[in-house]
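Given next are the chains, with one letter for each unit.
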Amino acid sequence: MQKPTSEIFTTLQEFTEPSLRDELLNAGTLISAGAGDMLIREGQYLDFLPLVINGLIRVYRNNDDDREVLLYYVQPGQTCMMSLSSAYFDYHSAANGIAVEPTQLLILPSRLISEWQLKYPSWNRFILSTYKLRYDELLKSFGNVVFKPINARLQEYLKNYSTSQQTRTIPLSHQTLANELGTTRVVVSRILKDMEKTNIVKLSRGSITLR
């Protein structure tokens, strides 16, 4: 853990009031997490709010049969809506948060969330925009699950991954894809084999290549 410096505002540019920036530096603590580190667990009591400075956090839930359901990712300059709700309303976390890659977080005491909303317009906008962003993402995810068959969602996921990472070779296991899509490894493997037969992908150990 370490105290933050003004370098954090390279990422947190939307916080414009000088006095808010001073409070962020005084009240905040920087922590670092490695890829795969569990940052927040479902059912954990939260008295803090994490803001991502760099890296990426995957937020998900486990359903009754222990399958993972992806909710959203938290990118630099963002916070987790589930953590925000838990800290703001003083209840336990409804989701898990895991670092996808080396990640640096600014940790803030939850008692300051509502206080800063009244004092600083930029902080209030940040809180409201966080809820709107996550609401829109969850609504889109719900629509995909309800209205899109799993094979279409898998193919769309692979194409989006290929575009965002600028590679046609996707180094993800079948289990990882199942976790991302809220299904089972068996289902993903069956669909990928069908896609290989129709020359859409080439399957290799530990990777999938789009043709």
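Residues numbered from 1 in each chain as written. Predicted model: local features only at pLDDT ≥ 70, side-chain atom pairs only at ≥ 80, totals over all residues. Heavy atoms only, no water.

Trainee: Report on the overall build of the protein chain, specifying residues and quantitative values.
Mentor: Per the secondary structure count, the protein chain includes 7 helices and 10 strands. Across the protein chain, contacts joining residues at least 24 apart in sequence account for 69% of those joining residues at least 6 apart. Surface exposure of the protein chain reaches about 11600 Å², of which carbon and sulfur atoms provide 52%. In the protein chain, 23 positive and 21 negative side-chain charges are present, and the distance between their average locations comes to 10 Å. (Helix = DSSP H or I, 4+ residues; strand = E, 2+ residues; numbered from the N terminus. Contact = heavy atoms within 4.5 Å. Areas by Shrake-Rupley, 256 points an atom, 1.4 Å probe, with all protein chains shown as cover. Lys, Arg positive; Asp, Glu negative; His and termini not counted. Charge placed at Lys NZ, Arg CZ, Asp CG, Glu CD.)

Trainee: Explain the packing of helix α5 (residues 150–165) against helix α7 (residues 185–197) residue by residue, including any values.
Mentor: Following both chains from N to C, one finds α5 and α7 inclined at 75°, their axes separated by 10 Å at the closest point. The angle between α5 and α7 places the two elements in the roughly perpendicular class. Along the contact surface, α5 presents Ile-150, Asn-151, Leu-154, Gln-155 and Leu-158, while α7 presents Val-187, Val-188, Ile-191, Leu-192 and Met-195. Grouping the constituent residues of the contact of α5 with α7 by class yields 8 nonpolar, 2 polar and no charged. (Axes fitted to C-alpha atoms, helices over the stretch in contact; angles between N-to-C directions. Parallel < 35°, antiparallel > 145°, perpendicular 65-115°, else oblique. Nonpolar A, V, L, I, M, F, W, Y, C, P; charged D, E, K, R; others polar.)

Trainee: How would you explain the nonpolar core if you had to name every residue and give the values?
Mentor: Counting 21 residues, the largest nonpolar core has Leu-12, Phe-15, Leu-24, Leu-51, Leu-106, Trp-116 and Trp-123 as its most contacted members. Where this core is concerned, the elements lending two or more residues are α1 (18–27), β3 (48–54), α2 (81–89), β7 (103–109), α3 (112–119) and α4 (121–147). Among residues more than four places away in sequence, those in contact with Leu-51 are Leu-12, Phe-15, Gln-78, Thr-79, Gln-104, Leu-105, Leu-106, Leu-108, Trp-123 and Phe-126. Of all hydrophobic cores here, the second largest spans 16 residues; its members include Tyr-157, Leu-158, Leu-192 and Met-195. (Core = buried A, V, L, I, M, F, W, Y, C linked by side-chain atoms within 4.5 Å. Buried < 20%, exposed > 50% of the residue type's maximum accessible area, 1.4 Å probe, protein only.)

Trainee: Tell me about the environment of Glu-7, and please be specific about residues and values.
Mentor: Position of Glu-7 relative to the elements: it lies in the segment before α1. For the pair formed by Glu-7 and Ile-53, sequence separation is 46 residues and the distance between their alpha carbons is 9.7 Å.

Trainee: Pulling in residues and values, what's your account of the pattern of salt bridges?
Mentor: Counted under the stated rule, the structure contains 8 salt bridges. Salt-bridge contacts for Glu-42 lead to Arg-61; the nearest nitrogen and oxygen are separated by 3.2 Å. Linking Glu-42 in the loop between β2 (38–40) and β3 with Arg-61 in strand β4 (residues 57–62), this pair joins segments that are 19 residues apart in sequence. Overall, Arg-61 belongs to the partly exposed group, its relative accessible area being 36%. For Arg-134, the salt bridge goes to Glu-137, with nearest N and O atoms at 2.8 Å. Residue Arg-134 and its partner Glu-137 are located together in helix α4, separated by 3 residues, close to a single helical turn. You can call Arg-134 buried: its relative accessible area is 1%. Overlapping salt bridges bring together Glu-23, Glu-115 and Lys-119 as one network. (Salt bridge = Lys/Arg side-chain N within 4 Å of Asp/Glu carboxyl O.)

Trainee: An account of a nonpolar patch on the surface is requested, with residue identities and associated values reported.
Mentor: Side chains of Tyr-88, Phe-89 and Tyr-91 sit close together on the surface and give an oily, nonpolar patch of about 310 Å² of accessible area. Residue placement: Tyr-88 occurs in helix α2. (Patch = residues over 30% accessible without salt bridge, like charges linked within 9 Å, V, L, I, M, F, W, Y side chains within 5 Å.)

Trainee: Residue-level account of helix α6 (residues 174–181), with values.
Mentor: Of all the positions in α6, only Leu-177, Ala-178, Asn-179, Glu-180 and Leu-181 are classed as buried. Residues of α6 that are buried in the fold lie against β4, β5 (68–74), α5, α7 and β10 (207–210).

Trainee: Please provide a residue-by-residue account of the sheet that holds strand β6 (residues 96–99), values included.
Mentor: Spatially, the 4 strands line up as an open sheet ordered β2-β6-β4-β5, and their pairing is antiparallel. What marks the edges here is a single partner per strand, and that holds for β2 and β5. Averaged over all pairs of adjacent strands, the angle between strand axes in this sheet comes to 35°, irrespective of strand direction. Pairing of β4 with β5, which is carried by 6 bridges, proceeds in the antiparallel orientation. When the sheet's bridge partners are listed, Ile-57 is paired in β5 with Val-74. This element, α6, spans β4 and β5 of the sheet and lies at about 80° to β5. (Pairing = 2+ DSSP bridges.)

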